[in-house]
Amino acid sequence: RLIAARLFVGNASLLGCSPPFVRGRLPRLPRLLDDKMGGGASRGRRYKAGMTPDQYWEQVAWPTSEETLTILRFKREDAFKVFQAFVDIDGDNSGEMSVEEFHSYLGMPVTKFSERVFGILDADGSGSLSFEEFSVGVWNYCTYDVRLVTKLAFDIFDVDHLGKLDIPECDALIRMVYDVDDVDKIQGPPSGKEILEQIDINGDNEVTIDEFSDLMESHMYILAPAFDLQRALRQRLLGVKYWEKETEARKIMFAGYDSLEHSSWESIKEILTIKAKERQDAATAHDEELQRNEREDLQSDQERAIERHRERQMRRKRKLQQLKAEELPEEVAEKEAVDRLKKAKEDMERDVPYDELQSRLVARKELYDALENLSECAQKARAAREGKMTERAINKDAEAKTDELLMTKEGQKRLKYEVQVQYGQELLHKWSDGNRFQAALAPLFQPPDEEMVPLATTVAVAVVPQSSLAAAREAARTVILDEHREECREEAIEKLEQKKRDQIQQFAKMFEEFEGEYGTVNTKWERLWDNASYAKYWYNWESGATEWTRPAICHKCDEFIDPMDVKCFSCDAPRTRANMELYSGISAAQFKAKRMAEEEEDEDSVYTS
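Because the structure is predicted, anything quoted here is derived from the model rather than measured.

1. Points about the overall build of the protein chain
Then, number 1: A tally of helices and strands in the protein chain yields 23 helices and nine strands.
Then, number 2: Of the accessible surface of the protein chain, which amounts to about 37,200 Å², a share of 52% is contributed by carbon and sulfur atoms.

Written out as structure tokens, the structure is:
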């Protein structure tokens, strides 16, 4: 039965009809034949590189052909169906389809016209079609309308591209389309001679492309095999309705490329090239837009950063202005005293020669005057800040502590107790001054002791509206706030006393450091600069003594202390911390250890003797 069906389809032309015509009457026959003969993308089949057709589609076919198929308006699922058909046709898994496989799939015999069509699909002239060539060719041929199918057949014989055919070329065209060697063998109706006569409308033995196209609009039977081939492809791949819809879309989208002035098969190449260029331009424009947006975002970020920096500067400036406006006069005087001391230190650290000794004496006096002035100003500023800190402690800090307490369960419990106490006192005074009945009940609100709330007060607080407790609640909060104010005041006083002690210690240490670095306020020793030797030296302007290394000067009697002496033997004063750095002798512990070692050595000598 299968062999008979093959013979029936293969020899359909002997019955006076084209193979696609027979195929249209037997829609299930090609699939039945393919399945029986082992074709089709069978389950579990291995295609190329050991992959199944589905895997090959996902990893190879679609990624390499996506751009072309998208330009041709193929959806991914429709493109996959075309790929499945290609795999069905490619029975030897070579990745290419031969002309025989192509015709076998369509159930049609190989004709000169169908070979020509196949050859045009074969873009690289290899004699076989790759998947991309097949999909592009199928789309191109299946979206042809009557005018473009006519142009396809016409262009095959219009080799000189003059846009016209003579009668012998028309004869060859008809013979190729009908796959006969003589037009007389076309029995018709119409017969071969009748077809030729109808083609040459005006009898000038030439047919232009326009004449040929106009004729096909009403005499499609002349190129019936070409239309049969198109119908066979449409039926096998995605269906006739799909291709009719795409044909209408092609008229709109590619009208400028499908004019009769261009080769129909060259049009598709031009379409793909231009569309690919458009997509590339669109991608480039998209990238440029992204870069432009990125630059704009970067610029916006920079502008926002600049604006935030400007706002921070303005806030800092306003804060400084606010602090300056709130600055106490004593604090201003303290800052001025600090600047004065810095200037005096700079003058003292300047190297001066002997000729400027007097300026050195003036600078020393200014240094200690500035230090004393700073000490006084700092004490006054601290005293002024104490009042400010105490005021803040008993107001803002106490308010913050109260609010923080009232947010806790313990605070709510305390507030409830104080509300009862305050409301009880309010009722006690109010009812004591009321009528006889109220005056008789007033003692019920008298607490038995300071920490207990009478039962009458508890009941009254529970039954009265909350609005009636507003005054009691405010008074209760004031009681808690006063407690916190006293607590914060005591803490502030303690902190201020500690700051006072720290300040006294700080200035005592500073005074000691100044004496160690610059000498006492009444010292006769001055550090001078010798321009001849380009070195510092210390000079006693009263005795005329000179030292080229820094001497240890007693802070009590202003006498020179020998580097080996542990103290000043003139006044018996110990070395200061600064003078100890200049001490070259040994410590008391070291001296004791040395004496003990000497005594042991003496004992050993006596024993040896």
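2. A closer look at the sheet that holds strand β6 (residues 535-540)
Then, number 1: What the three strands build is an open sheet, ordered β5-β6-β7; its pairing is antiparallel. Among the strands making up the open sheet, the edge pair consists of β5 (525-530) and β7 (546-547).

3. Points about unusual backbone geometry
Then, number 1: Even without being a glycine, N93 presents a positive backbone phi close to 60 degrees.
Then, number 2: If you check the backbone angles, L238 has positive phi at about 75 degrees while not being a glycine.
Then, number 3: Relative to the assigned elements, L238 resides in the loop between α13 (224-236) and α14 (240-253).
Then, number 4: We classify L238 as partly exposed; its relative accessible area is 24%.

4. Here we look at the packing of aromatic side chains
Then, number 1: The final tally for this structure, using the stated rule, is 20 aromatic pairs.
Then, number 2: For the pair W57 and F83, a centre-to-centre distance of 5.4 Å together with 40 degrees between the ring planes defines the contact as tilted. Taken as a pair, W57 in helix α4 (residues 53-71) and F83 in helix α5 (residues 76-89) lie far apart in primary sequence, 26 residues in all.
Then, number 3: A relative accessible area of 2% places W57 in the buried class.
Then, number 4: Judged by centre distance (5.0 Å) and plane angle (80 degrees), the ring pair of W529 and Y534 falls under edge-to-face.

5. A short note on the pattern of salt bridges
Then, number 1: For the structure on display, the rule yields 26 salt bridges.
Then, number 2: Residue R527 pairs with D351 through a salt bridge whose shortest N-O separation is 3.4 Å. Of this pair, R527 sits in strand β5 while D351 sits in the loop between α16 (329-349) and α17 (357-406); the two residues are 176 residues apart in sequence, bridging distant segments of the chain.

6. Remarks on the layout of surface pockets
Then, number 1: The computed volume of the second largest pocket comes to approximately 630 Å³.
Then, number 2: Looking at the second largest pocket, it is lined by 29 residues, and the ones nearest its centre are E515, G516, E517, Y518 and R550.
Then, number 3: Among the secondary structure elements, those contributing two or more residues to the lining of the second largest pocket are α17, α21 (470-518), β5, β8 (552-553) and α22 (577-580).
Then, number 4: When residues of the lining of the second largest pocket are assigned to their parent elements, the largest contribution, six residues, is made by α21.
Then, number 5: Of the residues contributing to the lining of the second largest pocket, the split by class is 10 nonpolar, seven polar and 12 charged.

7. Notes on the side chain of S135
Then, number 1: Within the secondary structure, S135 sits in helix α8 (residues 131-142).
Then, number 2: Residue class for S135 comes out buried when judged on its relative accessible area of 1%.
Then, number 3: With residues near it in sequence (within four places) discarded, S135 still touches L69, F74 and V82.

8. Quick word on α8
Then, number 1: When the terminal C-alpha atoms of α8 are compared, their 16 Å separation across 12 residues agrees well with the 16 Å that a helix rising 1.5 Å per residue should span.
Then, number 2: With 11 of 12 residues buried, α8 lies mostly within the body of the structure.

9. Thoughts on the pairing of β6
Then, number 1: As defined by bridge partners, β5 adjoins β6 across six bridges and the pair is classed as antiparallel. Residue pairing across strands places L528 opposite Y537, the latter belonging to β6.
Then, number 2: Taken together, β5 and the strand that follows it, β6, pair antiparallel across an intervening segment of four residues, in which Y534 is found at a positive phi of about 55 degrees.
Then, number 3: Here β6 pairs with β7 via two bridges, running antiparallel. Paired with W538 across the strands is E547, a residue of β7.

10. Regarding the nonpolar core
Then, number 1: W57, F74, F83, F113 and F134 are the most contacted members of the largest nonpolar core, which totals 71 residues.
Then, number 2: Those residues within four positions of W57 in sequence are excluded, and the remaining contacts are W62, P63, L69, R76, A79, F80, F83 and F131.

11. Things to note about the packing of α16 against α21
Then, number 1: Running from amino to carboxyl end, α16 crosses α21 at an angle of 20 degrees, the nearest separation of the two axes being 12 Å. On the basis of the axis angle, α16 is roughly parallel to α21. For the pair α16 and α21, the sense of crossing is left-handed. Taking contact as the criterion, the partners of L341, K345, M348 and E349 in α16 are, on α21, M510, F514 and Y518.

12. A closer look at a nonpolar patch on the surface
Then, number 1: Together, L455, V459 and V463 make up an exposed nonpolar region whose accessible area comes to about 320 Å².
Then, number 2: Mapped onto the elements of the fold, L455 is located in helix α20 (residues 455-463).
Then, number 3: L455 gets classed as exposed once you look at its relative accessible area, which sits at 66%.

13. What about a positive patch on the surface?
Then, number 1: A cluster of basic residues, K319, K388, R392, K396, K495 and K499, forms a positive patch at the surface.
Then, number 2: Elements that contribute at least two residues to the positive patch include exactly α17 and α21.
Then, number 3: At three residues, the largest contribution of residues to the positive patch is made by α17.
Then, number 4: Along the chain, K319 falls in helix α15 (residues 264-326).
Then, number 5: A relative accessible area of 46% means that K319 is categorised as partly exposed.

14. So, the environment of D179
Then, number 1: Secondary-structure assignment places D179 in the loop between α10 (167-178) and α11 (192-199).
Then, number 2: Judged by its relative accessible area of 37%, D179 falls in the partly exposed class.
Then, number 3: Remark: the alpha-carbon pair of D179 and V110, spanning 69 residues in sequence, is separated by 9.1 Å.
Then, number 4: Excluding anything up to four places from it in sequence, D179 contacts V110, T111 and K112.

Quick notes on the rules
- Residues numbered from 1 in each chain as written.
- Predicted model: local features only at pLDDT ≥ 70, side-chain atom pairs only at ≥ 80, totals over all residues.
- Heavy atoms only, no water.
- Helix = DSSP H or I, 4+ residues; strand = E, 2+ residues; numbered from the N terminus.
- Areas by Shrake-Rupley, 256 points an atom, 1.4 Å probe, with all protein chains shown as cover.
- Pairing = 2+ DSSP bridges.
- Buried < 20%, exposed > 50% of the residue type's maximum accessible area, 1.4 Å probe, protein only.
- Phe/Tyr/Trp six-rings, centres within 6.5 Å; stacked < 30°, edge-to-face > 60°.
- Salt bridge = Lys/Arg side-chain N within 4 Å of Asp/Glu carboxyl O.
- 1 Å grid on protein atoms, 1.4 Å probe; cavity = no way out; pocket = protein on both sides within 12 Å on 5 of 7 lines; lining within 4 Å.
- Points joined across faces, edges and corners; volume = space filled by probe spheres on them.
- Nonpolar A, V, L, I, M, F, W, Y, C, P; charged D, E, K, R; others polar.
- Contact = heavy atoms within 4.5 Å.
- Expected span 1.5 Å × (residues − 1).
- Core = buried A, V, L, I, M, F, W, Y, C linked by side-chain atoms within 4.5 Å.
- Axes fitted to C-alpha atoms, helices over the stretch in contact; angles between N-to-C directions.
- Parallel < 35°, antiparallel > 145°, perpendicular 65-115°, else oblique.
- Left-handed = near helix turned anticlockwise from the far one by under 90°.
- Patch = residues over 30% accessible without salt bridge, like charges linked within 9 Å, V, L, I, M, F, W, Y side chains within 5 Å.
- Lys, Arg positive; Asp, Glu negative; His and termini not counted.
- Charge placed at Lys NZ, Arg CZ, Asp CG, Glu CD.

Keep in mind these numbers describe shape, not what the thing actually does.
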